[in-house]
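Chains, contacts and geometry: an overview
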Amino acid sequence: MPIIKSNYHRRPWYLLNGHFETIIPSLFYEVKGVEYERERLELADGDFLDLDWVRRGNNRLIVLSHGLEGSADRHYIKRPAQYFSNKGWDILAWNNRSCSGEMNRLPRLYHHGATEDIGAVIERGLSEGYEEMVLIGYSMGGGMQQKYLGERNPDPRIKGAISFSVPCNVQNSAEMLRKGASKLYEKRFVKKIKEKILTKSEIVEMDVDGIGDVKTFRELDEKFTLKVHREYSSADDFYAKITSDQFLPNIKIPLLIVNALNDPMLGDKCYPMELAEKSQNIYLEMPEKGGHVGFTIPNSEWSYMEYAADRFIEEVIYPSPQTSMQPH
């Protein structure tokens, strides 16, 4: 499909650039009024995932997947949970291993390519008898759902997917995080994950040798990830196998990718323009502004992400004869 012309043009005056658009919402935005019903999903490997539901008795379900070191309590998850539950959808917002407020049981945590976990969540949602499902993922969660959809034939009840601020090429995103001011994001993420690993080592027997000296994602993967995921031979092999862009051509349902051009965490390879122009199912929207999981609208309780997702659902996933997404 042709690349979609974006309707997001105006950000609040105080969000001066992509960094401000990324950091201010992450630090200060809150969403009130969302009441989750928590369920613990036991996994086949002996671990668990915590699922947060908003059930309203609807026959269709939206599954929300958070980003790196996020959770179902983040503003960018609670906001669409509130928005779409008000529009006739039930909501399933899930927490990756170690992200729900309680440490998981096994040495492993989670990563961009852990599609066995999102697969278990989707199966649990479908087991409730919903007639239709749409997936919405943010950053890492978006890449995870892209890989899931591209490496298998999804259940026909999954009608479409939407992804925001996705590092479609993990290696390229990691390289971006080693440049200029973007180094701050890598430093922050690595610090949080290191602390989590060291905390976990107090309750689970695991090799944490050298973790205290880690400063980059690559070092973290070499000293931790490869030890608990032995199917990967090196950091480069890990990045090559988990990155979602290689799976995009195989996706058989409508997928929207919204990646801002000023996203400080995405490099050039995270904007699959050539693929979108040739594909029947991949829609790519590249607003000039927005930052990373930002897309703030002045004087609005909603962000552009809710409106873009709603528009894609109504015009592409469930189109009427009078509606269609407009390309460039």
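Notes on the structure in this doc start here. From a predicted model like this one, the values you see are computed outputs, not experimental measurements.

1. Topic: helix α7 (residues 217-228)
Here α7 is 12 residues long and its end C-alpha atoms lie 15 Å apart, about the 16 Å a rise of 1.5 Å per residue gives. Of the surrounding secondary structure, the elements contacted by the buried residues of α7 are α6 (183-201) and α8 (235-242).

2. With respect to helix α3 (residues 115-126)
Residues lying three or four places apart along an α-helix face the same way, a consequence of the helix completing one turn every 3.6 residues. Along its 12 residues, α3 runs 16 Å from first to last C-alpha, staying within 8% of the 16 Å computed at 1.5 Å per residue. Summarising burial for α3: 10 of the 12 residues are buried, a large majority. Among all positions in α3, only T115, D117, I118, G119, A120, V121, I122, R124, G125 and L126 are buried.

3. A look at the state of the cysteines
The final tally for this structure, using the stated rule, is zero disulfides. Lacking any disulfide linkage, C270 is separated from the closest cysteine sulfur, that of C168, by 5.9 Å. Judged by its relative accessible area of 0%, C270 falls in the buried class.

4. Considerations on unusual backbone geometry
The phi dihedral of E69 is positive, around 55 degrees, even though this residue is not glycine. Mapped onto the elements, E69 comes out in the loop between β3 (60-65) and α2 (75-85). Phi is positive for S165, close to 55 degrees, though the residue is something other than glycine. Overall, the relative accessible area of 0% leaves S165 in the buried class.

5. Quick look at the sheet that holds strand β5 (residues 132-138)
On the basis of which strands lie adjacent, the open sheet formed by eight strands has the order β1-β2-β4-β3-β5-β6-β7-β8 and mixed pairing. The two strands at the open ends of the sheet, each matched to only one other strand, are β1 (37-42) and β8 (282-285). Taking each pair of neighbouring strands and ignoring which way they run, the sheet shows an average axis angle of 20 degrees. Bridging between β3 and β5 involves six bridges; their strand directions are parallel. Across the sheet, residue R60 finds its bridge partner in β5, namely E132.

Cut-offs and rules
Numbering of residues starts from 1 in every chain and runs along the sequence as written. This being a predicted model, a pLDDT of at least 70 is required before a residue's local features are given, and a value of 80 or more before pairs of side-chain atoms are given or counted; all residues contribute to the totals for chains, interfaces and linings. For the side-chain quantities, the full set of heavy atoms in the structure was used; hydrogens and water were omitted. Segments assigned H or I by DSSP are reported as helices when at least four residues long, segments assigned E as strands when at least two residues long, and all are numbered from the N terminus. Multiplying 1.5 Å by the helix residue count minus one yields the expected span of that helix. It only takes one pair of heavy atoms within 4.5 Å for two residues to be counted as in contact. The cut-offs for exposure are 20% and 50% of the maximum accessible area for each residue type, with area from a 1.4 Å probe on protein chains only; residues under the lower value are buried, those over the upper are exposed, and the others partly exposed. Here, the term disulfide refers to a pair of cysteine sulfur atoms separated by no more than 2.5 Å. When DSSP finds two or more bridges between a pair of strands, those strands are recorded as paired. Throughout, an axis means a line fitted to C-alpha atoms (over the contacting stretch in the case of helices), and angles, computed between N-to-C directions, take values from 0 to 180 degrees.

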